[in-house]
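If you want the building blocks of each chain, they are given just below.
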Amino acid sequence: MVLSLEDPAVRSYIVYSSVLALKMLGVATLTSLTRGRRKVFANAEDAKAFHGKIKMDDPEVERVRRAHLNDLENIPAFWILGALYLTTGPAGAWATLLFRLAAAGRVLHTLVYAVVPLPQPTRALAYLVPYGINVYMGVQVVLHYATAL
Ligand SMILES: N[C@@H](CCC(=O)N[C@@H](CS)C(=O)NCC(=O)O)C(=O)O
């Protein structure tokens, strides 16, 4: 099969992959902003430059860092599995729905983890939807290609 940029599934993948990349860059910026607001830094030269102190366990900074780490545990898998899933020829509307839900879940995860912390199970649900979609896409890829081995 030939993938085409005219394919709605491909276009959706490009859009939502980019949204998630931009979101992750935003979390990195949020880390810097939180460090600046709390005046806590990881390096002596930063602490000196911004008149703060070295502190590795500030609760607010660590929360944003955990959100970022969780992104790293999940979003690269979305990029890889989403791209491979496209090669299985999914219906455009279905693939778009999956990509959209996965992106929305990850954005929500960041919001309720790093921006406005909310009680559980809010974060767990925001995590589980994209996680489930990643698993679904991975299984579809394996099933699709395993038969051709
Ligand atoms: N590495 C994760 C694996 C499980 C996971 O990602 N859980 C989600 C939903 S509860 C989460 O937001 N974990 C918090 C985190 O990764 O800091 C962890 O240590 O919690």
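Under an unreviewed UniProt entry, the protein has the name Microsomal glutathione S-transferase 1 and belongs to Cydia pomonella. In its Sequence similarities (unreviewed entry) section, the UniProt record describing the protein reads: "Belongs to the MAPEG family." Its UniProt record, at the heading Subunit (unreviewed entry), says of the protein: "Homotrimer; The trimer binds only one molecule of glutathione."

Can you help me understand the site of the ligand in this one?
Arg66, Asn70, Glu73, His109, Tyr113, Gln120, Arg123, Ala124 and Tyr127 make up every residue found near the ligand. Contacts to the ligand include Glu73, whose side-chain N or O atom sits 2.9 Å from a nitrogen atom. When the ligand is considered free in solution it has 450 Å² of accessible area, and contact with the protein chains removes 60% of it. Counting residues per element, the ones that place at least two in the shell around the ligand are α3 (59-86), α4 (92-115) and α5 (122-146). Tallied by class, residues from the shell around the ligand come to three nonpolar, three polar and three charged.

I would appreciate a short explanation of a nonpolar patch on the surface in the present structure.
Judged by side-chain polarity, Leu125, Leu128, Tyr131, Val135, Val139 and Leu143 come together as a nonpolar surface patch covering roughly 540 Å² of accessible area. Mapping Val135 onto the fold places it in helix α5.

What's the story with the UniProt feature "transmembrane region" (unreviewed entry) in the protein in this structure? I'm lost.
Under the UniProt annotation, the feature "transmembrane region" (unreviewed entry) is placed at residues 13-33, 75-95 and 125-146. Taken as a whole, residues 13-33 contains 100% helix and 0% strand, while its terminal C-alpha atoms sit 30 Å from one another. Here residues 125-146 is 100% helix and 0% strand, with 31 Å between the C-alpha atoms at its ends.

How should I be thinking about empty space enclosed by the protein in this particular structure?
Where empty space is left becomes clear once a probe the size of a water molecule has been rolled over the atoms. Counted according to the given criterion, the structure contains one cavity of 30 Å³ or more. The calculated volume of the largest cavity comes to roughly 50 Å³. Contributing to the lining of the largest cavity are Leu20, Asn74, Phe78, Ala102, Arg106, Pro130, Tyr131 and Asn134. Looking at the lining of the largest cavity, the elements with two or more residues in it are α3, α4 and α5. Top element by residues in the lining of the largest cavity is α5. It accounts for three residues. When its residues are assigned to classes, the lining of the largest cavity shows five nonpolar, two polar and one charged.

Looking at this model, I keep getting lost on the pattern of salt bridges. Mind explaining?
It is possible for side chains of opposite charge to pair when their charged atoms get near one another. One pass over the full model with this rule turns up seven salt bridges. The residue Asp57 makes a salt bridge to Lys55 at a minimum N-O spacing of 2.9 Å. Here Asp57 falls in the exposed class, since its relative accessible area comes to 54%. What makes Lys55 partly exposed here is its relative accessible area of 26%.

I'm lost on unusual backbone geometry in this one. Help?
Backbone phi values are negative for most residues with the exception of glycine, while trans is the configuration of most peptide bonds. Here the residue pair Gln120 and Pro121 is connected by a cis peptide bond, since its omega of 15 degrees sits within 30 degrees of zero. As for its position among the elements, Pro121 is in the loop between α4 and α5. A positive phi angle, close to 55 degrees, is found at Lys39, a residue other than glycine. Its location among the elements puts Lys39 in the loop between α1 (8-38) and β1 (40-41). Of note, His51 is a non-glycine position whose phi angle comes to about 55 degrees, a positive value. Using a relative accessible area of 67% as the deciding quantity, one classes His51 as exposed.

Conventions and cut-offs
- Residues numbered from 1 in each chain as written.
- Predicted model: local features only at pLDDT ≥ 70, side-chain atom pairs only at ≥ 80, totals over all residues.
- Heavy atoms only, no water.
- UniProt positions renumbered as here; feature names shortened; annotations may be inferred.
- Near = heavy atom within 4 Å.
- Polar contact = N/O pair within 3.5 Å; in protein donor to acceptor, adjacent residues only side chain to side chain.
- Areas by Shrake-Rupley, 256 points an atom, 1.4 Å probe, with all protein chains shown as cover.
- Helix = DSSP H or I, 4+ residues; strand = E, 2+ residues; numbered from the N terminus.
- Nonpolar A, V, L, I, M, F, W, Y, C, P; charged D, E, K, R; others polar.
- Patch = residues over 30% accessible without salt bridge, like charges linked within 9 Å, V, L, I, M, F, W, Y side chains within 5 Å.
- Salt bridge = Lys/Arg side-chain N within 4 Å of Asp/Glu carboxyl O.
- 1 Å grid on protein atoms, 1.4 Å probe; cavity = no way out; pocket = protein on both sides within 12 Å on 5 of 7 lines; lining within 4 Å.
- Points joined across faces, edges and corners; volume = space filled by probe spheres on them.
- Buried < 20%, exposed > 50% of the residue type's maximum accessible area, 1.4 Å probe, protein only.

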